[in-house]
Amino acid sequence: MTAWLDHLTIAPILVPLLAGTLMILAGGQRRSFRVGLGLLSTFALVVISVMLLQMADAADGAATRVYRLGDWPSIFAIVLVLDRLSALMLVLTAILGAAALVFSIARWDRAGANFLPLFQFQLMGLNGAFLTGDLFNLFVFFEVMLTASFGLALHGPEAARVRASLHYVAVNLTSSLLFLIGVSMIYGVTGTLNMADLAERIPVVAAEDRALVEVGAAIVGVVFLIKAAMWPVGFWLPTTYGAASAPAAGILSILSKVGIYAVLRLWLLLFGDSAGDSAGFGGDWLIYGGLVTIAFGSIAVLATQNMGRLAGACIFVSSGTLLLAIGTGHVSVTGGALYYLATSVLAIAAFYLLIELVERGRDVGADVLAVTREAYGEGEEEDFDEEEEPGIAIPASKAILGLGFMGCALLLAGLPPLSGFLAKLAILAPLFETGNEPLPDTTWAVLIALIASGLATIVAMTRAGIDAFWAASTESVPMMRLTEITPVIVLLLLCGALTVQAGPVMRYMQSTAESLYQPAGYVRAVLPVPHLPETEGDAR
Amino acid sequence: MEAVVSLAIGMLAGSGVWLILRPRTFQVIIGLSLLSHAVNIFIFSTGGLRIGVPPILEPGGVGDLARHADPLPQALVLTAIVISFATTALFLVVLLAARGLTGTDHVDGRERDQ
């Protein structure tokens, strides 16, 4: 039995891979088979990832489980590494996947021939990116994830969607090329791509080569920040996500957090306190980038009049907040940031799903002024087969939608009593515990940024909510199915559970942050034998 | 040889960057292809530029980078080539779809001054 449990680490990659392949082999005709298999695989992923989370949490101290493919020594093998952070991301991915898949069954999976297989490959790419232990496989899984997301974002050939996808694909292909440049520069100097091995070698890189490693790392960092939609490189996000179909946008909302995950993992591992001369490299960039992203996101939140773009702007705010919190380089703040990450991923996914249901009952874009529509180039709005059996009207559906919307607003703006507030508190509180020393300027900047962005979000959400629920010109009841509203409610209830169970959840997040700040445990788990390079720059 | 290779990388990358900043989708895709060639040669060059050294060990031999080429960049290049091939093909599909749906080959889906 233990032998089976050892292989559980790779299951989050294999299960969706097998399911997706079987779906393609079965062909597009057998819809019920595909749906059944998709549900089976996605719910199996939820169970597996929760088991992995428990395993990662149970082993205290050395919480890292290493899976070496083919049992080669770690420096040669393709390694998968499971620790608290990757387990947390796996659980979030699985939950979002399950919610978005159930939502899509109502009708979205018919929008194109291969929605369901692409969805599985998307999950596979995400899980792989969270599990992998070396830089090049991170690149490979990024590509798997992106290629699937191109397919998902394109689903339903509609002019706006294809146009947004064109930009999305071009931006991401360029960033993949940058990733390769950065990775090969790092390899050229250090002679390894294994993350744990890199963490050991970077402190002893020769002084004249150090700049080259740092440039390589900076280029790779730019790629992650493009994924995380930091300010100057994130303009592709709101358009693409707003144009994507609702379930696709729901799962895409965790894609931006992959960038955050990679920054968190690599920055703390490679440029943590033990990195010698490179320690803390780039931290200021995270702080300033985060601040500017929050500012831009807050303005965007206030400026948009379209709900889909509003959710995109909320992703800006949440990415900026996370980058800022990570950049402060404080263990407890990072713990708070992880809690914030869980909350905001669930809330934004729920919001994307909810938007589709709310907009369904209304004339799409009724709240958008004609002038603005023209400016945004949404003149030729064609709605997706709206006439076709939109489902039954659930009694009090409008009330449920309204409550759900309110929940999303509270979560995203960070107001009490829901977990968004606790998350912001958890980020801010440790910054003020400086004892008798005066507070540094960054603390004030973080405080102002978090409060101002919360205010902007609540103003914009209130306005959108009034427009959608109170000032609607027609009294049409939105038609929806039980399978569509249930995922939204479940996601919001999970946020509620995060609030009620804040104590244990925060304990988990704090121990995650602590293990991230002590990369020695990770390195020792992956490379049991100390493997010091003989001479620095020995690759050449 | 270093000068030739770096010039080649520089020219490919420069042309590629110029092309992906152009407004036509076809120029963008050619630009991406040129850039990916530049990146592939760059990855290859990180293994060191030597002529006539094998990347494979002989039986009984000891791995030594003075007498062997570094095999890892070659493996990375192979993977990168395959992936960029696939993504270029996918971009081509998106390009054709955009051309068909918007009736123009401008990257924004409409001409600027119209």
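Residues numbered from 1 in each chain as written. Chains lettered and ligands numbered in written order. Predicted model: local features only at pLDDT ≥ 70, side-chain atom pairs only at ≥ 80, totals over all residues. Heavy atoms only, no water.

> Where do I start with the overall build of chain A in this structure?
Helix and strand content of chain A: 22 helices and 2 strands. In chain A, 81% of the contacts between residues at least 6 apart in sequence involve partners at least 24 apart. Summed over all atoms, the accessible surface of chain A reaches about 19900 Å², with 68% contributed by carbon and sulfur. (Helix = DSSP H or I, 4+ residues; strand = E, 2+ residues; numbered from the N terminus. Contact = heavy atoms within 4.5 Å. Areas by Shrake-Rupley, 256 points an atom, 1.4 Å probe, with all protein chains shown as cover.)

> Where do I start with the overall build of chain B in this structure?
Secondary structure assignment for chain B yields 3 helices and 0 strands. Along chain B, helices (α) and strands (β) appear in the sequence α-α-α when read from the amino end. In chain B, which comprises 114 residues, the proportion classed as buried is 32%. Long-range pairs, those at least 24 residues apart, make up 56% of the contacts in chain B between residues at least 6 apart in sequence. Surface summary for chain B: the accessible area is close to 6700 Å², and the carbon and sulfur share equals 69%. (Buried < 20%, exposed > 50% of the residue type's maximum accessible area, 1.4 Å probe, protein only.)

> What is the right way to look at a nonpolar patch on the surface in this model?
Where nonpolar side chains cluster on the molecular surface, the patch consists of Leu22, Leu25 and Phe33 of chain A and spans about 310 Å² of accessible area. Checked against the element boundaries, Leu22 of chain A lands in helix 2 (residues 11-26). (Patch = residues over 30% accessible without salt bridge, like charges linked within 9 Å, V, L, I, M, F, W, Y side chains within 5 Å. Salt bridge = Lys/Arg side-chain N within 4 Å of Asp/Glu carboxyl O.)

> Where do I start with the packing of helix 4 (residues 84-105) of chain A against helix 5 (residues 115-131) of chain A in this structure?
For any two helices packed against each other, the geometry is given by the interaxial angle and the distance between the axes. All names here are of chain A. Two numbers describe how helix 4 lies on helix 5: the axes approach to 9 Å, and their chain directions differ by 170°. By the angle between their axes, helix 4 is roughly antiparallel relative to helix 5. From helix 4, Ser86, Met89, Leu90, Thr93, Gly97, Ala100, Leu101 and Ser104 reach across to helix 5, where they touch Phe115, Leu116, Phe119, Leu123, Leu126, Asn127, Phe130 and Leu131. Taken together, the residues of the contact of helix 4 with helix 5 break down into 11 nonpolar, 5 polar and no charged. (Axes fitted to C-alpha atoms, helices over the stretch in contact; angles between N-to-C directions. Parallel < 35°, antiparallel > 145°, perpendicular 65-115°, else oblique. Nonpolar A, V, L, I, M, F, W, Y, C, P; charged D, E, K, R; others polar.)

> I'm lost on the packing of aromatic side chains in this one. Help?
One pair of aromatic rings is described through two measures. These are the centre distance and the angle between the planes. Residues and elements named next belong to chain A. Under the definition given, this model contains 16 aromatic pairs over all chains. Measuring from ring centre to ring centre gives 5.4 Å for Phe150 and Tyr168, while their planes differ by 85°; the resulting arrangement is edge-to-face. With Phe150 in helix 6 (residues 135-153) and Tyr168 in helix 7 (residues 159-190), this pair connects stretches of sequence that are 18 residues apart. Across the pair, exposure class does not vary: Phe150 and Tyr168 are buried alike. (Phe/Tyr/Trp six-rings, centres within 6.5 Å; stacked < 30°, edge-to-face > 60°.)

> Would you explain the confidence of the model for chain B in this entry?
Low-pLDDT stretches of the model should not have their predicted coordinates read in fine detail. This prediction gives chain B a mean pLDDT of 86; 98% of its residues lie at or above 70. When the elements of chain B are averaged for pLDDT, helix 3 (residues 71-102) of chain B gives the smallest value, 88, and helix 1 (residues 2-20) of chain B the largest, 94. (pLDDT = per-residue confidence, 0-100.)

> What exactly am I supposed to notice about the nonpolar core here?
Taken as a class, soluble globular proteins show a tendency for nonpolar side chains to be buried jointly. One finds Leu138, Phe179, Phe224 and Phe351 of chain A together with Phe91 of chain B to be the most contacted residues of the largest nonpolar core, which totals 195 residues. Aside from chain neighbours lying at most four places away, what touches Leu138 of chain A is Ala129, Thr132, Phe179, Met195, Phe224 and Leu266 of chain A. (Core = buried A, V, L, I, M, F, W, Y, C linked by side-chain atoms within 4.5 Å.)

> Where do I start with unusual backbone geometry in this structure?
With the exception of glycine, most residues fall at negative phi, and the peptide bonds are largely trans. Residues and elements named next belong to chain A. With omega at 10°, the peptide bond leading from Pro416 into Pro417 counts as cis. Residue position: Pro417 is located in the loop between helix 17 (397-413) and helix 18 (419-428). One non-glycine residue, Ala229, lies in positive phi territory at about 60°. Structurally, Ala229 is set in the loop between helix 9 (207-228) and helix 10 (236-243). For Ala229, a relative accessible area of 0% gives the class buried.

> What's the story with the pattern of salt bridges in this structure? I'm lost.
In a structure, side chains of opposite charge can pair up when their charged atoms sit close to one another. All names here are of chain A. A full pass over the atoms with the stated rule returns 6 salt bridges over all chains. Notably, a salt bridge pairs Asp197 with Arg201, separated by 3.6 Å at the nearest N-O pair. One end of the pair is Asp197 and the other is Arg201, both in helix 8 (residues 195-201) and 4 residues apart, which spans about a single turn. Classification of Arg201 as buried rests on a relative accessible area of 9%. A cluster of three or more residues bridged by salt bridges with shared partners is formed by Asp57, Arg84 and Arg507.

> Help me understand the interface of chain A and chain B, please; the structure alone is not making it clear to me.
Much of the literature gives interface size as the accessible area that the parts lose upon coming together. Taken together, the contact pairs 31 residues of chain A with 32 residues of chain B. Interface area for chain A against chain B, summed over the two sides, is near 2600 Å², with a carbon-plus-sulfur share of 81%. Ranking the residues of chain A by area buried against chain B places Leu166, Leu177 and Tyr187 of chain A at the top, with a combined share of 22%. If you look at where chain A meets chain B, you find 0 salt bridges. Between the two partners, chain A and chain B, sit 3 residue pairs in polar contact (both at pLDDT 80 or more). At the level of elements, helix 6 and helix 7 of chain A are the ones that each hand at least two residues to the side of chain A that touches chain B. Of the residues forming the side of chain A that touches chain B, the biggest block, 17 residues, is contributed by helix 7 of chain A. (Buried area = accessible area lost by both parts, 1.4 Å probe. Polar contact = N/O pair within 3.5 Å; in protein donor to acceptor, adjacent residues only side chain to side chain.)

> Help me understand the side chain of Ser176 of chain A, please; the structure alone is not making it clear to me.
One can find Ser176 of chain A in helix 7. Those residues within four positions of Ser176 of chain A in sequence are excluded, and the remaining contacts are Phe139, Glu143 and Leu146 of chain A.

> Teacher, can you tell me more about the environment of Ala94 of chain A here?
Residue and element names in this part refer to chain A. Within the secondary structure layout, Ala94 lies in helix 4. Exposure remark for Ala94: the relative accessible area of 4% places this residue in the buried category. Taking the C-alpha atoms as reference points, Ala94 and Leu126, 32 residues apart in sequence, are found 9.7 Å from one another. Not counting residues within four places of it along the chain, the set of residues in contact with Ala94 comprises Thr42, Leu45, Val46 and Ser49.

> Looking at this structure, I do not really get helix 3 (residues 31-58) of chain A. What am I missing?
Owing to its 3.6 residues per turn, the α-helix aligns residues three or four sequence positions apart on the same side. Across its 28 residues, helix 3 of chain A extends 40 Å between first and last C-alpha, which sits within 8% of the 40 Å expected from 1.5 Å per residue. Taken together, the buried positions of helix 3 of chain A are Arg34, Val35, Leu37, Gly38, Ser41, Thr42, Leu45, Ile48, Ser49, Leu52, Met55 and Ala56 of chain A. (Expected span 1.5 Å × (residues − 1).)

> What exactly am I supposed to notice about helix 2 (residues 25-45) of chain B here?
Along its 21 residues, helix 2 of chain B runs 30 Å from first to last C-alpha, staying within 8% of the 30 Å computed at 1.5 Å per residue. When helix 2 of chain B is considered as a whole, its buried residues turn out to be Thr25, Val28, Ile29, Gly31, Leu32, Leu35, Ser36, Ala38, Val39, Asn40 and Ile43 of chain B. Summarising the contacts, the buried residues of helix 2 of chain B are in contact with helix 7 of chain A together with helix 1 and helix 3 of chain B.

> Explanation requested: the state of the cysteines in the structure shown.
By definition, a disulfide is the covalent link that joins the sulfur atoms of two cysteine residues. All names here are of chain A. Enumeration according to the criterion identifies 0 disulfides over all chains in this entry. A disulfide-free cysteine, Cys314 has its sulfur positioned 9.3 Å from the sulfur of Cys408, the nearest such atom. Between Cys495, a cysteine without a disulfide, and Cys408, which holds the nearest cysteine sulfur, the sulfur-to-sulfur distance is 8.0 Å. (Disulfide = S-S within 2.5 Å.)

> In this structure, what is going on with the packing of helix 17 of chain A against helix 19 (residues 441-470) of chain A? I would like to understand it.
Residues and elements named next belong to chain A. For the pair helix 17 and helix 19, interaxial distance at closest approach is 9 Å and the crossing angle is 170°. The orientation of helix 17 with respect to helix 19, classified from their angle, is roughly antiparallel. For the pair helix 17 and helix 19, the contacting residues are Lys398, Leu401, Gly402, Phe405, Cys408, Ala409, Leu412 and Ala413 in the first and Gly454, Thr457, Ile458, Met461, Ala464, Gly465 and Phe469 in the second. Grouping the constituent residues of the contact of helix 17 with helix 19 by class yields 10 nonpolar, 4 polar and 1 charged.

> Which parts of the structure should I look at to understand the pairing of strand 2 (residues 79-82) of chain A?
Residues in a regular strand project their side chains so that they alternate between the two faces of the sheet. Residues and elements named next belong to chain A. A two-sided burial pattern is seen for strand 2, the buried positions comprising Val79 and Val81 on one face and Leu80 and Leu82 on the other. Looking at chain direction, strand 1 (residues 65-68) and strand 2 are connected through 4 bridges and run antiparallel. What sits directly across from Arg68, in strand 2, is Val79. (Pairing = 2+ DSSP bridges.)

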